[in-house]
Amino acid sequence: MTITTGDTLPDASVLTMTPDGPKSVEIAGKLKGRTVVIFGLPGAYTGTCTTAHVPSFIRTMPQLMDKGVDEVICIAVNDPFVMKAWGDATGAIDAGITMLADAEATFTKAIGMDFSAPPVGFVNRSKRYAMLVKDGVVTILNEEPSPGQCDISGGETLLDAMD
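For the structure given in this document, a descriptive report is provided here. The structure displayed is predicted, hence computed values, not measured ones. The written sequence of each chain sets the order in which its residues are numbered from 1. With the structure being a predicted model, the display of local features is reserved for residues of pLDDT at least 70 and the display and counting of side-chain atom pairs for 80 or more, all residues being used for whole-chain, interface and lining totals. The side-chain figures draw on all heavy atoms in the structure; neither hydrogens nor water molecules are used.

Details of the state of the cysteines
And step 1. Only a pair of cysteine sulfur atoms within 2.5 Å counts as a disulfide in this structure description. In this structure the tally under the stated criterion is zero disulfides.
And step 2. The thiol sulfur of Cys49 is not disulfide-bonded, and the nearest other cysteine sulfur, from Cys74, lies at 7.9 Å.
And step 3. Cys150 forms no disulfide, and the closest cysteine sulfur to it belongs to Cys49, at a distance of 8.1 Å.
And step 4. The rule is simple: take the accessible area with a 1.4 Å probe, protein chains only, and divide by the maximum for that residue type; under 20% is buried, over 50% is exposed, in between is partly exposed. According to the relative accessible area criterion, Cys150 is buried, its value standing at 16%.

This is how it looks when you write it as structure tokens:
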């Protein structure tokens, strides 16, 4: 079942890259008592993800923080090595975006945002979405109808919805 506005996000373990290597991160720990933006996308280094989705959150980081967001998290079904390299390459990490790897699609499947498109090599990948989460509860959810689009799920659209 796909997560909807008003739902509490399920806990799941994802991975982050640290100087000592990959480290497990519990989603629930990132959300408790905090206001967090989570945006998910089909994959690191892919076209729309690199040229539109991540840049939209880099551009809106200051305004999101001004509106009380504690953290902006990018989640993709990739490994933590790729997410770290991609975060460095795009400037997302320098902008303050937390890059998390949902390597086994555990979180993505738990919120019903997984899809597969074998002809292009996508199996159990994440749909494109952005959500505002307050203390674990989804207050805004913007899901794209197609993985190649980035209008509804962009940083600017989420920021406008927060007004």
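Re the nonpolar core
Considering soluble globular proteins, one finds that nonpolar side chains tend to be buried as a cluster.
And step 1. In this description, a nonpolar core means a group of buried Ala, Val, Leu, Ile, Met, Phe, Trp, Tyr and Cys residues linked to one another through side-chain atoms lying within 4.5 Å. Core analysis: the largest hydrophobic core is formed by 25 residues, its most contacted members being Phe39, Phe57, Val72, Trp86 and Ile97.
And step 2. Secondary-structure elements contributing two or more residues to this core are strand E3 (35-41), helix H2 (47-66), strand E4 (71-76), helix H3 (80-90), strand E5 (98-101), strand E8 (129-134) and helix H6 (155-161).
And step 3. When residues in this core are grouped by element, the largest group, five residues, is from H2.
And step 4. In what follows, residue pairs with any heavy atoms lying within 4.5 Å of each other are defined as contacts. If we skip the residues at most four places from it in the chain, Trp86 touches Leu41, Gly43, Ala44, Tyr45, Cys49, Thr50, Val54, Cys74 and Met99.
And step 5. Among the nonpolar cores identified, the runner-up in size contains 20 residues, and Ile75, Met131, Val133 and Leu141 belong to it. Helix and strand definitions here come from DSSP, where helices need a minimum of 4 consecutive H or I residues and strands a minimum of 2 consecutive E residues; each element is numbered from the N-terminal end.

Let's talk about the pattern of salt bridges
And step 1. Every case where a carboxyl oxygen of Asp or Glu lies within 4 Å of a side-chain nitrogen of Lys or Arg is listed as a salt bridge. Considering all chains together, one arrives at five salt bridges under this definition.
And step 2. The partner of Glu71 in a salt bridge is Lys30, and the shortest N-O contact between them spans 2.8 Å. Here Glu71, found in strand E4, pairs with Lys30, found in helix H1 (residues 27-31); they are 41 residues apart in sequence, far enough to count as distant.
And step 3. The buried category is assigned to Lys30, whose relative accessible area is 19%.
And step 4. Here Glu156 makes a salt bridge to Arg59, at a shortest N to O gap of 2.7 Å. One end of the pair, Glu156, is in helix H6; the other, Arg59, is in helix H2, and 97 residues separate them in sequence.
And step 5. A single network of salt bridges, built from pairs that share partners, joins Lys30, Arg34 and Glu71.

Considering the environment of Lys30
And step 1. Taking the C-alpha atoms as reference, Lys30 lies 8.5 Å from Glu71; in sequence the two are 41 residues apart.
And step 2. Sequence-distant contacts of Lys30, that is, excluding residues within four places in its chain, are made with Val25, Val36, Glu71, Ile73 and Thr98.

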